[in-house]
Amino acid sequence: MARIKVIRNTYGGTNYLWNGCRYIYNPEKAIAVGGYGVNPYNYIDAYNQMLTCKEYFFKTSGNPLAHIIVSFGASVTNSAMAWNLSQQCAAYFAPYYQVYYCLHNKDAGCSNYHTHLLINSVNYINGNMISTGAETMLPFTNFITTITGERSNYYYPTKKKLPLQKVNCTFNENNNQKTYYKIFNKRGCIIYDNTDGL
């Protein structure tokens, strides 16, 4: 199963953008880097290109980017397959947003491969800000499910880790309510899940 972590606490203005671009490019961690609308081979260029888009639309304050981490499931067994999926993940947002992304081999708690997507929060066509709510993340999750062939889900990490999260409720034939739960470990990976019947 692919896990999609949506980091929303990216406030810090251009400092977060700068640090994110440096992190993506880091040759000690990244197997490969790529970009749409940015130079992927020079993090300083990538930073300046994203900042130029923000300045053009007068949107340099507030949340500088959307940071999404996709941890691929066990079916992704080699770096070539993982990189292909990473490129497709980035291409999903590329028609409207600059994307700087990389592939890591380090265990993210769910699989051996994960990709980081840094997405400029400003739409380069109309200047609108990106939304990382359900209206954006549900279609992206369905897209990940389609390209990986595995069920996928997304979550928003919080500083306060809740050991149990209620996911959904349904009614059986006798009108009795059944509650479904997912239990996450400290890394945000599912360690118990009874939602398969949903």
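Residues numbered from 1 in each chain as written. Predicted model: local features only at pLDDT ≥ 70, side-chain atom pairs only at ≥ 80, totals over all residues. Heavy atoms only, no water.

What should I look at first to understand the overall build of the protein chain in this one?
The secondary structure content of the protein chain amounts to four helices and nine strands. Reading the helices (α) and strands (β) of the protein chain from amino to carboxyl end gives β-α-β-α-β-α-β-β-α-β-β-β-β. Expressed as a percentage of the 198 residues in the protein chain, the buried residues total 43%. Sequence separation of 24 or more characterises 66% of the internal contacts of the protein chain that already satisfy a separation of 6 or more. Per element, the accessible surface of the protein chain, about 10600 Å² overall, is 51% carbon and sulfur. (Helix = DSSP H or I, 4+ residues; strand = E, 2+ residues; numbered from the N terminus. Buried < 20%, exposed > 50% of the residue type's maximum accessible area, 1.4 Å probe, protein only. Contact = heavy atoms within 4.5 Å. Areas by Shrake-Rupley, 256 points an atom, 1.4 Å probe, with all protein chains shown as cover.)

Would you mind showing me how to read helix α4 (residues 134–148) here?
Because the α-helix completes a turn every 3.6 residues, residues three or four places apart line up on one side. The terminal C-alpha atoms of α4, which comprises 15 residues, lie 20 Å apart, in line with the 21 Å expected from a rise of 1.5 Å per residue. Those residues of α4 that are buried lie in contact with β1 (2–7), β3 (65–71), α3 (79–93), β5 (114–120) and β6 (152–155). Directly after α4, the chain includes G149, whose backbone phi takes a positive value near 75°. (Expected span 1.5 Å × (residues − 1).)

Quick question: what am I supposed to make of the environment of Y113 here?
Position of Y113 among the secondary structure elements: in the loop between β4 (99–104) and β5. Classification of Y113 by relative accessible area gives buried; the value is 11%. Separated by ten residues in sequence, Y113 and L103 place their C-alpha atoms 7.1 Å apart. When near neighbours in sequence (up to four residues on either side) are disregarded, Y113 contacts I31, V70, S71, F72, V76, T77, N78, S79, A82, L103, H104 and N105. Only 3.2 Å separates the side chain of Y113 from the backbone nitrogen of S79, close enough to count as a polar contact. (Polar contact = N/O pair within 3.5 Å; in protein donor to acceptor, adjacent residues only side chain to side chain.)

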